[in-house]
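So the chains spell out like this:
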Amino acid sequence: MEVMEILKKYSESIDHEIEEALSTITPLNLYESSNHLIKAGGKKIRPALAVLTCEVVGGKAEYALKTAAAIELIHTFSLIHDDIMDKDDMRRGKSSVHVIWGEPMAILAGDTLFSKAFETVIRTRIDDSSYKRVIKALDTVVDSCIKICEGQACDMSFEGKFEVSEAEYMNMIYKKTAALIAAATKGGAIIGGGNPEEVAALEEYGKLIGLAFQIQDDYLDVVSDEESLGKPVGSDIVEGKMTLMVVKALEKASPEDKEKLISILKENNPDGVGEAIAIFEKYGSLQYTHKVALDNVRKAKELLDIFDDSEAKDALILLADYVLERQN
């Protein structure tokens, strides 16, 4: 089975859960703004992971659908607020929520999705004895929301700061990106009735592929082409973002090259992209970044060895590989 087939297999049921959750929102402009990015599409990798991890521990797919929908609602909430903070006008090929409805309504739309996520998990019904699983899944979702906010705050604190360690950077991307993916894989495993060893393994699997996902994003920004990326190559460099490549290059560079790279990152000028990439190559930070992403995916797949062979396990292996194979 191909990755897109796997994602499509669950997307209709997940979309139905999301539709049901949002159907009661009033007034109309809040409903439409809350729904805007959801209707714009998205691969729905995170909710698919919640369903697959439920299945791999022996649970039924339908048990995890509400947790999966909640994960997608939180992801969408974070995108709406990110676009406001970053002043990004486009998302998924459409105008951002704040561009169409204004910032106050966009903030409300994000807050509504955030709240609906918790309501959705609470409405999970498996059997009379499973309420403890639902509470644990809810706790997992709540914790990921706190981490997303902490990660965003860390990322903002890195702006204009060029003494960021690799450990600080990895902690930031864990909280900002990987925590929600880990919540999807852990939440699915809990809802499916996984034992503590299985839940821990699947949470770590989610964390590792989440880290690899963000690191690969950083890597693609430099090594891909504009058509595949859907944005100019090196846009992270132009925006002066701290990425693993930048962190590693600054750690290893000579004083002269370090000064040059910092100067390029401060300039916000596309003309410096080629020179920055040359510095990355000189100090091996491109290769290092790619190796870290590869290692994380390899370790993530090894964690699946404790599970019996199944379609769900095969799909989790494919999704781990997809993190590195995608081009955007």
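If you're wondering where the values come from, they're calculated on a predicted model, not measured in any experiment.

## Some thoughts on the overall build of the protein chain
Along the backbone of the protein chain there are 16 helices and two strands. Its C-alpha radius of gyration of 20 Å places the protein chain within 12% of the 20 Å reference for a compact globule of 328 residues. Viewed in the frame of its principal axes, the protein chain has a C-alpha envelope of about 65 × 50 × 30 Å. Here the protein chain holds 328 residues, and 55% of them are scored as buried. As displayed, the protein chain offers around 15100 Å² of accessible surface, 50% of which is attributable to carbon and sulfur atoms. For the protein chain, the distance from the average position of its 38 positive side-chain charges to the average position of its 58 negative side-chain charges is 3 Å.

## Re empty space enclosed by the protein
Scanning all chains against the criterion turns up two cavities of 30 Å³ or more. In this structure, the largest cavity occupies an estimated 60 Å³ of space. Lining of the largest cavity is provided by Ile45, Arg46, Leu49, Ile181, Ile209, Phe213, Leu319, Tyr322 and Val323. Those elements that place two or more of their residues in the lining of the largest cavity are helix H3 (45-56), helix H9 (196-223) and helix H16 (311-325). Roughly 30 Å³ of internal volume is contained in the second largest cavity.

## Quick word on unusual backbone geometry
That bond from Thr26 to Pro27 is cis: its omega, -5°, falls within 30 degrees of zero. On the secondary structure map, Pro27 appears in the loop between helix H1 (3-22) and helix H2 (28-39). Not every positive phi belongs to a glycine, and Arg92 is a case in point at roughly 55°. As for its placement among the helices and strands, Arg92 is situated in the loop between strand E1 (90-91) and strand E2 (94-95).

## Some words on the pattern of salt bridges
Counting across every chain of the model gives 22 salt bridges. Salt-bridge contacts for Lys66 lead to Glu17; the nearest nitrogen and oxygen are separated by 3.0 Å. Here Lys66, found in helix H4 (residues 65-86), pairs with Glu17, found in helix H1; they are 49 residues apart in sequence, far enough to count as distant. The pair Lys66 / Glu17 is uniform in exposure class, with both members buried. In this structure, the salt-bridge partner of Asp295 is Arg298, at a minimum N-O distance of 3.8 Å. Here the residue Asp295 and the residue Arg298 both occupy positions in helix H15 (residues 285-302), the gap between them amounting to three residues, near one helical turn.

## Comments concerning the nonpolar core
Formed by 111 residues in total, the largest nonpolar core has its most connected members in Leu49, Tyr205, Ile237 and Phe280. When residues in this core are grouped by element, the largest group, 14 residues, is from helix H8 (residues 166-191).

## Here we look at H15
With 18 residues, H15 extends 26 Å between its outermost C-alpha atoms, agreeing within 8% with the 26 Å of an ideal straight helix rising 1.5 Å per residue. Within the sequence span of H15, burial applies to Ser285, Leu286, Thr289, Val292, Ala293, Asn296, Val297 and Ala300. The buried residues of H15 occupy an angular sector of 135° when the element is viewed end-on, so they sit on one face.

## Some words on the packing of aromatic side chains
Two descriptors summarise a pair of aromatic rings, namely the distance from one centre to the other and the angle between the planes of the rings. Using the criterion set out here, one finds two aromatic pairs in the structure. A centroid spacing of 4.8 Å and a plane angle of 55° characterise the contact between Phe77 and Phe114, whose relative ring orientation is tilted. Placement of Phe77 in helix H4 and of Phe114 in helix H6 (residues 103-122) is noted, with a sequence separation of 37 residues between them. Centre to centre, the rings of Phe114 and Phe118 are 5.0 Å apart; their planes meet at 80°, and the pair counts as edge-to-face. Of this pair, Phe114 and Phe118 are both found in helix H6, four residues apart, which corresponds to roughly one turn of the helix.

## Focus on the packing of helix H7 (residues 131-157) against H8
In contact at an axis separation of 7 Å, H7 and H8 are set at 175° when each is read in the N-to-C sense. In terms of axis orientation, H7 runs roughly antiparallel to H8. Grouping the constituent residues of the contact of H7 with H8 by class yields eleven nonpolar, five polar and eight charged.

The rules behind the values
Residues numbered from 1 in each chain as written. Predicted model: local features only at pLDDT ≥ 70, side-chain atom pairs only at ≥ 80, totals over all residues. Heavy atoms only, no water. Helix = DSSP H or I, 4+ residues; strand = E, 2+ residues; numbered from the N terminus. Rg over C-alpha atoms; globule rule 2.2 N^0.38 Å. Buried < 20%, exposed > 50% of the residue type's maximum accessible area, 1.4 Å probe, protein only. Areas by Shrake-Rupley, 256 points an atom, 1.4 Å probe, with all protein chains shown as cover. Lys, Arg positive; Asp, Glu negative; His and termini not counted. Charge placed at Lys NZ, Arg CZ, Asp CG, Glu CD. 1 Å grid on protein atoms, 1.4 Å probe; cavity = no way out; pocket = protein on both sides within 12 Å on 5 of 7 lines; lining within 4 Å. Points joined across faces, edges and corners; volume = space filled by probe spheres on them. Salt bridge = Lys/Arg side-chain N within 4 Å of Asp/Glu carboxyl O. Core = buried A, V, L, I, M, F, W, Y, C linked by side-chain atoms within 4.5 Å. Expected span 1.5 Å × (residues − 1). Arc of directions from axis to C-beta. Phe/Tyr/Trp six-rings, centres within 6.5 Å; stacked < 30°, edge-to-face > 60°. Axes fitted to C-alpha atoms, helices over the stretch in contact; angles between N-to-C directions. Parallel < 35°, antiparallel > 145°, perpendicular 65-115°, else oblique. Nonpolar A, V, L, I, M, F, W, Y, C, P; charged D, E, K, R; others polar.

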